[in-house]
Protein chains: 2
Amino acid sequence: MQWVKGLGLGLGAAALLALGIILGHFAIPQNSPSISATQDLDLEILETVMGQLDASRIRENLRELSREPHLASSSRDEALVQLLLQRWTDPASGLDSAEAFEYEVLLSFPSQEQPNSVDVVGSAGDVLYSCRRSEENLTGEQGGPDVVPPYAAYAPPGTPQGLLVYANQGREEDFTELQTQGITLEGTIALTRYGGIGRGAKAVNAAKYGVAGVLVYTDPGDINDGLSLPNETFPNSWYLPPSGVERGSYYEYFGDPLTPYLPANPSSFRLDLTNVSGFPPIPTQPIGFQDAKVLLCNLNGSLAPAAWQGALGCDYRLGPGFHPEGDFPEDSQVNVSVHNHLQLRNSSNVLGIIRGAVEPDRYVLYGNHRDSWVHGAVDPSSGTAVLLELSRILGTLLKKGTWRPRRSIMFASWGAEEFGLIGSTEFTEEFFSKLQERTVAYLNVDISVFANATLRVQGTPPVQSVIFSAAKEIRSPGPGDLSIYDNWIRYFNRSSPVYGLVPSLGSLGAGSDYAPFIHFLGISSMDIAYTYDRSKTSARIYPTYHTAFDTFDYVDKFVDPGFSSHQAVARTAGSVILRLSDSLFLPLNVSDYSDTLRSFLQAAQQDLGALLEQHSISLEPLVTAVEKFEAAAAALGRYMSTLQKGSPDPLQVRMLNDQLMLLERTFLNPRAFPEERYYSHVLWAPRTGSTATFPGLANACSRAGDTSPGSEAWAEVQRQLSIVVVALEGAAATLRPVADL
Amino acid sequence: MQWVKGLGLGLGAAALLALGIILGHFAIPQNSPSISATQDLDLEILETVMGQLDASRIRENLRELSREPHLASSSRDEALVQLLLQRWTDPASGLDSAEAFEYEVLLSFPSQEQPNSVDVVGSAGDVLYSCRRSEENLTGEQGGPDVVPPYAAYAPPGTPQGLLVYANQGREEDFTELQTQGITLEGTIALTRYGGIGRGAKAVNAAKYGVAGVLVYTDPGDINDGLSLPNETFPNSWYLPPSGVERGSYYEYFGDPLTPYLPANPSSFRLDLTNVSGFPPIPTQPIGFQDAKVLLCNLNGSLAPAAWQGALGCDYRLGPGFHPEGDFPEDSQVNVSVHNHLQLRNSSNVLGIIRGAVEPDRYVLYGNHRDSWVHGAVDPSSGTAVLLELSRILGTLLKKGTWRPRRSIMFASWGAEEFGLIGSTEFTEEFFSKLQERTVAYLNVDISVFANATLRVQGTPPVQSVIFSAAKEIRSPGPGDLSIYDNWIRYFNRSSPVYGLVPSLGSLGAGSDYAPFIHFLGISSMDIAYTYDRSKTSARIYPTYHTAFDTFDYVDKFVDPGFSSHQAVARTAGSVILRLSDSLFLPLNVSDYSDTLRSFLQAAQQDLGALLEQHSISLEPLVTAVEKFEAAAAALGRYMSTLQKGSPDPLQVRMLNDQLMLLERTFLNPRAFPEERYYSHVLWAPRTGSTATFPGLANACSRAGDTSPGSEAWAEVQRQLSIVVVALEGAAATLRPVADL
């Protein structure tokens with residue numbers, strides 16, 4: 001590696017300065033400071049930004065953003081598009097450019113003429129009880145035409161009626177349990193509670209057993225730490241009031257349902273509705289626990305298993321039908337009337353760009369969705385409030401001419417996320433190539449503050465180092481004088497073979513807009529938020545999630561009074577963005593993937609090794625591949641420190657950074673999981689099993705199970721093993737010295 | 001575009017020099033000249049290389065390479081691997097590194113114990129006539145154990161026997177013609193001639209009509225300009241002797257048949273043979289026209305159509321069976337005994353690398369296959385002889401320390417191409433990510449000289465400019481004092497809206513090792529050779545193609561006496577490689593794609609417009625996308641000239657070059673043609689129709705035909721239209737200023 005050894009040599013400081021001046025000169029856009037091609041992150045700028053991120057301004061942003069309901073494609077959603085454009089084109093604090101990108105996407109809404117309803121109906125067809133059709137107007141913000149009534153987006157219209165059964169969380173095993181208890185499910189209405197599995201999956205499972213309609217409610221035991229009385233809940237506490245109903249998308253995939261893999265432009269090919277998959281097969285409607293209590297506590301039949309019991313203050317029974325001594329005649333049925341309709345609507349993303357001074361073709365992306373279910377103060381406006389404060393401060397430095405990033409920074413406000421990450425997915429479909437070739441990393445801050453206890457990060461290994469660096473430098477809110485890092489490690493930690501005890505990152509599923517970036521484009525991604533002390537609450541998520549009670553006052557009074565957690569998230573996000581955009585060497589530590597691969601490998605050996613051996617499938621090639629990756633990553637690390645010690649020239653740095661940036665891409669294989677829409681990342685595709693290991697291999701093994709040795713299923717296991725081996729070998733090859741194969 | 005305007009300004013020559021010295025310093029590998037990061041192609045070096053490329057050394061290379069038969073995976077093939085390694089590691093003329101990469105691939109061979117045979121058999125089972133089992137040993141080189149007997153690789157074993165029919169070229173329409181003539185094809189043996197369609201397709205079509213076995217021969221009318229007598233053919237002329245038989249692969253796809261999309265490493269997952277598709281369904285055997293004449297001229301039945309007649313000196317009849325007044329009893333049948341077997345064999349690629357001084361992570365690839373059917377003097381050794389001469393000269397300059405390229409150059413000798421581009425395909429599968437991210441272009445020189453008339457180039461539009469530049473600077477061999485370019489334009493030309501009359505490039509199919517690079521990786525590729533004056537011969541290809549008569553003497557006496565055409569190809573290849581490796585700005589003119597897109601669009605409007613309108617499918621989005629591409633490409637061209645006029649810094653150049661290099665990648669869509677293995681390039685996938693236009697759209701239209709408006713087929717037409725629109729929009733986006741979306 002002569003060319004590596006050569007690097008340190010013979011460049012005097014003066015010459016470097018000269019080089020800096022010369023190169024810097026080229027890179028001067030309008031009203032910008034002189035930036036040299038070898039300039040590193042400016043710690044003073046970082047300090048300035050950290051200091052200027054203002055909690056009270058975040059609070060004012062949130063007040064404005066959550067002032068009115070802004071459901072995707074509503075007039076208020078469109079007004080917020082204009083607000084973002086105005087902020088990002090402000091002469092004093094705007095960015096270099098800002099633009100709205102509109103798509104025509106398929107959304108689902110309840111009918112205004114025929115409200116969805118859930119009634120208990122007597123044998124004569126007389127209505128004995130009607131569930132609420134909207135939430136109680138407790139603070140004056142739960143009324144009005146812009147508050148969309150509770151509904152299950154993409155659930156089909158229909159008016160099934162039948163005996164009620166209780167199906168726990170609507171998991172496959174819940175329905176089999178009911179069957180084994182001898183309950184006929186055909187034609188019944190299944191009452192289920194949120195949790196366990198995704199929303200849409202409950203209806204999918206129910207339909208398999210002949211269930212005609214599904215109800216979903218939030219049990220106080222799952223969301224309110226058991227509390228359910230009006231005086232114990234919002235507006236008297238942060239807990240969900242009895243009438244609160246979680247809305248949500250029941251679509252099983254993400255992206256616009258009619259244009260998979262294609263941007264939803266007006267002229268794009270659209271699937272015929274009959275060919276669309278992933279919608280709930282039967283009518284489904286969510287209700288509040290106030291109504292769920294009436295239904296559930298009157299149920300007949302045998303006692304539900306202990307694990308199925310909740311906090312409604314009665315014994316949960318399985319049904320079918322109602323208890324003779326209850327409020328309703330034994331033969332009363334439940335009628336579920338769903339009148340949702342699908343509609344093609346315009347939804348926009350807003351992109352704001354700060355042009356990089358030295359490497360404008362390298363993009364650091366920071367995004368959040370804009371659309372909410374109702375006022376959406378926490379979800380998503382707490383994230384957008386932070387995003388707007390950071391873009392204001394960076395924009396101001398930019399307009400003053402005191403700073404310009406080395407690389408381009410793109411701020412994104414995504415549309416229609418609540419319906420299935422639609423805006424962000426269409427964006428990745430439209431700009432697939434250039435994003436994949438040029439994006440350094442994607443930072444997602446959706447709900448920025450669930451609670452005030454600790455930072456919580458989901459991300460792929462290369463982003464660990466930059467988040468750690470940021471978190472160590474920022475003071476944690478709340479008592480004590482800990483850094484965000486030192487506070488974080490108390491709540492989430494793991495023992496790393498390399499570093500010892502470190503905060504643990506969660507892995508990225510499909511819960512927010514990072515999904516298309518990591519799974520479809522293979523871009524290193526992360527999602528950060530402040531969240532709960534799990535020793536203090538067992539709430540599945542913050543109690544007013546997706547309800548009309550998620551308002552500014554709710555955040556201001558209960559979630560983050562003083563907005564210090566919002567500020568902490570803003571500082572963390574700001575520091576991460578600046579480190580990614582301005583560091584001479586990209587702060588993506590690819591060797592941190594070695595930890596993950598090692599643990600995936602060990603898990604595979606422990607969980608699958610024996611079974612695979614029985615079918616004479618050896619994990620040796622996988623062991624070798626992991627070792628090759630570890631060696632290549634370590635060698636690259638050593639090469640990088642050599643470069644850093646010396647005085648690298650800009651092209652040397654660019655070449656190394658390209659290796660770091662593109663590593664995540666090497667794990668993509670669009671042919672690995674043809675049935676999993678958008679999932680191409682061989683390490684992070686959905687896993688059916690609970691063990692954290694190579695998903696393709698693990699899923700194939702569980703499918704193969706005890707099929708005969710020669711089966712197609714066992715061939716698929718071998719194919720999946722080869723796919724991950726080839727991906728790891730390719731990753732190692734990408735990290736090796738660039739003139740080697 | 002402030003950052004563009006800023007570029008030219010204020011960099012003094014002195015400062016540029018300083019910059020050059022500084023940056024150059026870093027880039028000094030061992031024993032190399034000082035190369036600055038902004039140095040451009042050195043015309044003196046180019047002149048030196050052009051001057052040193054030595055025809056007599058190419059001749060000596062060819063003599064050595066074609067001395068013995070070197071069928072893929074044979075001992076001589078392995079010996080040539082060693083020869084290449086030795087040449088490329090030579091202390092005085094070698095490269096920086098050279099390595100062999102071995103794969104375990106599925107090949108097909110005839111049995112040595114049971115030779116394949118074709119006999120005429122009487123009703124009593126008595127053999128009345130036997131076709132030759134090997135070619136006549138006319139020059140002493142057609143005998144011996146290393147000369148593989150003629151066979152159809154991958155044709156299944158079997159011994160079908162039946163009445164003979166003549167099926168012309170074995171096209172679908174040829175068999176329907178026989179049917180309409182009332183001929184029962186069930187159980188027959190079909191005699192077909194080479195040409196019209198691919199080898200494997202003849203057996204595929206035949207099997208559909210119940211044919212039991214297929215014979216394939218080369219008609220003197222198709223290969224010998226009608227000549228067929230011994231004194232008219234080799235060794236008395238370049239024409240094919242009567243006993244000559246074209247061998248070849250009858251596999252319909254490319255790459256190792258058992259490991260699609262995976263490198264054929266020993267541990268890789270392999271398909272079960274029962275799941276392999278693309279092999280001929282019925283026994284097939286090629287024969288010489290000497291034997292074909294005996295069979296064909298004795299056929300019974302009605303006269304074949306005029307277009308089916310050939311130059312065997314008799315009326316071609318259709319059969320079935322033989323003519324009563326002929327050499328065989330009327331009820332005689334033909335027995336085809338095929339004893340081919342499949343075998344896993346080791347086959348190696350050899351890669352030789354010259355490390356780039358400034359951008360080692362940018363690869364210029366130049367390759368050819370090494371394996372032949374017999375001696376393979378023309379195919380492929382004429383290309384390898386050129387490759388070795390160029391690598392010797394560049395290696396010598398390298399070892400002397402007088403030159404090192406800006407970018408890395410990789411020389412490749414592929415294995416097992418004759419069986420289906422196997423070595424090159426496995427290479428692209430193993431190094432998919434890094435090749436796709438870093439490869440500037442791929443140059444293929446397989447058969448370097450078919451004949452001495454003119455240069456012939458196949459390639460994608462971005463390579464046109466670099467080939468033109470090279471061809472204009474090199475003197476054409478033969479009479480007159482024309483440049484290769486001026487000679488070329490006399491044989492192949494087109495009128496370009498931009499340039500007027502220019503030499504025309506052919507498009508890249510799957511005829512040689514460029515296929516996986518352009519279709520699977522989306523790397524700009526080209527294939528060059530010297531070829532025929534079509535006014536002087538109608539030969540389908542050079543007459544001894546894939547026979548035992550393709551020997552050194554054949555080339556030396558008939559194909560290129562004096563090797564001046566070999567030298568011309570070497571100079572063209574050398575100039576192209578140096579321009580790609582050493583030019584400061586990549587000589588890939590992306591705006592030359594505008595011509596192609598325009599003509600594709602016009603063809604689509606003319607051929608498909610009306611039909612599409614009937615189904616209310618508008619081509620407007622496609623028109624807009626083409627216009628966007630044209631505008632972006634033109635703007636990028638203007639930006640590039642601004643940069644070139646000024647004194648660009650290395651990063652500015654790198655960013656622009658990345659746009660040029662990656663453009664071809666933006667046309668890839670791995671989900672566009674799921675049924676077409678490896679074909680992901682939306683502009684160059686196989687077309688069923690004859691019009692040069694967007695293949696996905698055209699194919700979908702012809703499939704949809706007159707199916708009902710709402711049909712799946714018409715939905716696919718719309719999907720294909722959207723796929724190409726999105727690809728063009730993405731390409732335009734990649735060419736736009738890098739900080740814009």
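This one's a predicted model, so the numbers in the text were calculated from it and none came from an experiment. (Residues numbered from 1 in each chain as written. Chains lettered and ligands numbered in written order. Predicted model: local features only at pLDDT ≥ 70, side-chain atom pairs only at ≥ 80, totals over all residues. Heavy atoms only, no water.)

This paragraph deals with the overall build of chain A. Of regular secondary structure, chain A possesses 22 helices and 19 strands. With the C-alpha coordinates aligned to their principal axes, the bounding extent of chain A is approximately 95 × 65 × 55 Å. Here chain A, with 741 residues, has 64% of them falling under the buried criterion. Taking as baseline every contact in chain A between residues at least 6 positions apart, the subset at least 24 positions apart corresponds to 78%. (Helix = DSSP H or I, 4+ residues; strand = E, 2+ residues; numbered from the N terminus. Buried < 20%, exposed > 50% of the residue type's maximum accessible area, 1.4 Å probe, protein only. Contact = heavy atoms within 4.5 Å.)

The next thing to look at is the sheet that holds strand E14 (residues 407-414) of chain A. Residues and elements named next belong to chain A. An order of E1-E12-E14-E13-E15-E19-E16 is seen for the seven strands of this open sheet, with the pairing classed as mixed. The open sheet has two edge strands, strand E1 (97-109) and strand E16 (454-459), and neither has a second partner. Strand-to-strand, the axes of this sheet are offset by a mean angle of 20°, without reference to chain direction. Along the sheet, helix H17 (residues 564-582) contacts strand E13 (359-369), E14, strand E15 (439-444), E16 and strand E19 (525-531); its crossing angle with E19, the most-contacted strand, is approximately 160°. (Pairing = 2+ DSSP bridges. Axes fitted to C-alpha atoms, helices over the stretch in contact; angles between N-to-C directions.)

A separate point is the UniProt feature "domain: Peptidase M28" (unreviewed entry) in chain A. With numbering matched to this structure, UniProt assigns "domain: Peptidase M28" (unreviewed entry) to residues 349-557 of chain A. As a span, residues 349-557 of chain A carries 33% helix and 25% strand, and end to end its C-alpha atoms are 31 Å apart. (UniProt positions renumbered as here; feature names shortened; annotations may be inferred.)

Residues and elements named next belong to chain A. Following the criterion strictly, the structure yields 91 aromatic pairs over all chains and no others. Between Phe 427 and Phe 517, the aromatic rings sit 6.4 Å apart at their centres with planes inclined by 45°, giving tilted as the arrangement. With Phe 427 in helix H11 (residues 422-430) and Phe 517 in helix H15 (residues 514-520), this pair connects stretches of sequence that are 90 residues apart. Assigned by exposure class, Phe 427 and Phe 517 land together as buried. Both rings, one in Tyr 442 and one in Phe 517, keep their centres 4.1 Å apart while their planes meet at 15°; by these two values the pair is stacked. Taken as a pair, Tyr 442 in strand E15 and Phe 517 in helix H15 lie far apart in primary sequence, 75 residues in all. Of the aromatic side chains, those joined through ring pairs into one cluster are Phe 234, Trp 238, Tyr 239, Phe 450, Tyr 532, Tyr 542, Tyr 545, Phe 549, Tyr 554 and Phe 558. The lysine or arginine in question, Lys 472, covers the ring of Tyr 485, its NZ or CZ lying 4.8 Å from the ring centre. (Phe/Tyr/Trp six-rings, centres within 6.5 Å; stacked < 30°, edge-to-face > 60°. Lys NZ or Arg CZ within 6 Å of the ring centre and 35° of its normal.)

A few words on the pattern of salt bridges. Side chains carrying opposite charge are able to pair once their charged atoms draw close together. Residues and elements named next belong to chain B. Across all of its chains, the model carries 62 salt bridges over all chains by this definition. Across the salt bridge formed by Glu 64 and Arg 67, the nearest N and O atoms sit 2.9 Å from each other. Across the pair Arg 171 and Asp 174 runs a salt bridge whose closest N-O atoms are separated by 2.8 Å. Residue class for Asp 174 comes out buried when judged on its relative accessible area of 1%. (Salt bridge = Lys/Arg side-chain N within 4 Å of Asp/Glu carboxyl O.)

All names here are of chain B. Topologically, Arg 67 is positioned in the loop between helix H4 (55-65) and helix H5 (75-88). With relative accessibility at 44%, the residue Arg 67 sits in the partly exposed group. Placed 310 residues apart in sequence, Arg 67 and Ala 377 show a C-alpha to C-alpha distance of 8.4 Å. The residues contacting Arg 67, other than those within four sequence positions of it, are Arg 76 and His 375. Of note is the side chain of Arg 67, whose polar atom sits 2.9 Å from the side chain of Glu 64. (Polar contact = N/O pair within 3.5 Å; in protein donor to acceptor, adjacent residues only side chain to side chain.)

On the secondary structure map, A:Ser594 appears in helix H18 (residues 592-614). When sequence neighbours within four positions are dropped, the list of residues in contact with A:Ser594 reads A:Phe629, A:Glu630 and A:Ala633.

Taking the UniProt record as the reference, the feature "domain: PA" (unreviewed entry) is found at residues 162-248 of chain A. The span residues 162-248 of chain A is 26% helical and 17% strand by assignment, and the distance between its end C-alpha atoms comes to 24 Å.

As a further point, take helix H22 (residues 712-735) of chain B. The terminal C-alpha atoms of H22(B), which comprises 24 residues, lie 35 Å apart, in line with the 34 Å expected from a rise of 1.5 Å per residue. Taken across its 24 residues, H22(B) has 19 buried, putting it largely inside the fold. (Expected span 1.5 Å × (residues − 1).)

Side chains of nonpolar character tend, in soluble globular proteins, to be buried together. Counting 236 residues, the largest nonpolar core has B:Phe419 and B:Phe694 as the members making the most contacts within it. When residues of this core are assigned to their parent elements, the largest contribution, 13 residues, is made by H22(B). Look past the residues within four positions of B:Phe694 in its chain and what remains in contact with it is B:Leu597, B:Phe600, B:Leu601, B:Ala604, B:Leu622, B:Leu683, B:Val724 and B:Leu728. If you look at the next biggest cluster of nonpolar residues, it comprises 235 residues, including A:Leu46, A:Trp488, A:Val626 and A:Trp714. (Core = buried A, V, L, I, M, F, W, Y, C linked by side-chain atoms within 4.5 Å.)

A few words now on the state of the cysteines. All chains considered together, the criterion is met by two disulfides over all chains. Between the sulfur atoms of B:Cys297 and its disulfide partner B:Cys314 the distance amounts to 2.0 Å. Judged by the sign of its S-S torsion, about -80°, the cystine formed by B:Cys297 and B:Cys314 is left-handed. Pair noted here: B:Cys297 is in the loop between helix H9 (289-296) and strand E11 (333-337) and B:Cys314 is in the loop between H9 and E11, with a separation of 17 residues, a long-range link. The structure places no disulfide on A:Cys131, whose sulfur is separated from the nearest cysteine sulfur, that of A:Cys297, by 13 Å. On the basis of relative accessible area, A:Cys131 is assigned to the buried category, the value being 5%. (Disulfide = S-S within 2.5 Å.)

In sheet architecture, strand pairing relies on hydrogen bonds along the backbone and comes in two forms, parallel and antiparallel. Residues and elements named next belong to chain B. Spatially, four strands are ordered E6-E7-E8-E10 in an open sheet, and the strand pairing comes out parallel. Bordering the open sheet on either side are strand E6 (164-166) and strand E10 (284-287), each of which pairs with just one other strand. When the angles between neighbouring strand axes are averaged without regard to direction, this sheet yields 25°.

Here chain A sits on chain B after a turn of 180° about the axis and a move of 0.0 Å along it, with an RMSD of 0.0 Å. Interpreted geometrically, this transformation is the action of a two-fold axis. (Least-squares fit on C-alpha atoms with pLDDT ≥ 70 in both.)

Chain A puts 73 residues into the contact, and the matching count from chain B is 73 residues. Between chain A and chain B lies a buried interface of about 6200 Å² when both sides are counted; carbon and sulfur atoms form 67% of it. Applying the counting rule to chain A against chain B returns four salt bridges. In this structure, the salt-bridge partner of B:Arg362 is A:Asp658, at a minimum N-O distance of 3.8 Å. One can count 16 residue pairs in polar contact (both at pLDDT 80 or more) joining chain A with chain B. Examining the composition of the side of chain A that touches chain B, we find that nine residues originate from one element, helix H22 (residues 712-735) of chain A, more than from any other. Its residues assigned to classes, the side of chain A that touches chain B comprises 38 nonpolar, 17 polar and 18 charged. (Buried area = accessible area lost by both parts, 1.4 Å probe. Nonpolar A, V, L, I, M, F, W, Y, C, P; charged D, E, K, R; others polar.)

Another point: H18(A). Residue and element names in this part refer to chain A. For H18, which comprises 23 residues, the first-to-last C-alpha distance of 33 Å matches the rise-based estimate of 33 Å (1.5 Å per residue) to within 8%. Roughly 60° is the biggest bend found in H18, and it falls at Leu 608. Count one or two residues on from H18 and you reach Ser 616, which has phi positive near 40°. (Bend = angle between axes of the 7 residues up to and from the residue.)

Turning our attention to the environment of B:Ser66. Residue and element names in this part refer to chain B. Mapping Ser 66 onto the fold places it in the loop between H4 and H5. C-alpha separation for the pair Ser 66 and Arg 687, spaced 621 residues apart in sequence, amounts to 36 Å. Other than its neighbours up to four places away in sequence, Ser 66 contacts His 375, Ala 377, Ser 381 and Phe 552. In terms of polar contacts, Ser 66 uses its side chain to reach the backbone carbonyl oxygen of Leu 62, at 2.6 Å.

Moving on, we come to the environment of B:Val626. Residues and elements named next belong to chain B. By secondary structure assignment, the location of Val 626 is in helix H19 (residues 620-645). Sequence separation between Val 626 and Ser 680 is 54 residues; the distance between their C-alpha atoms is 20 Å. Not counting chain neighbours up to four residues away, the residues in contact with Val 626 comprise Leu 597, Arg 598, Leu 601 and Leu 728.

Let's shift gears to unusual backbone geometry. A:Asp379 connects to A:Pro380 through a cis peptide bond whose omega is 5°. Considering the arrangement of structural elements, one finds A:Pro380 in helix H10 (residues 377-400). In this structure, B:Pro320 follows B:Gly319 across a cis peptide bond, with omega equal to 0°. Among the structural elements, B:Pro320 can be located in the loop between H9 and E11. In the Ramachandran plot, B:Ser73 falls in the positive-phi region, its phi being about 70° despite a non-glycine side chain.

Residue and element names in this part refer to chain B. The buried count for strand E19 (residues 525-531) comes to seven of seven residues, which makes it a mostly enclosed element. Of the two faces of E19, the one lined by Ser 525, Asp 527, Ala 529 and Thr 531 and the one lined by Met 526, Ile 528 and Tyr 530 are each fully buried. Taken together, the three bridges between strand E15 (residues 439-444) and E19 define a ladder with parallel strand orientation. Note on E19: the bridge partner recorded for Tyr 442 is Ser 525.

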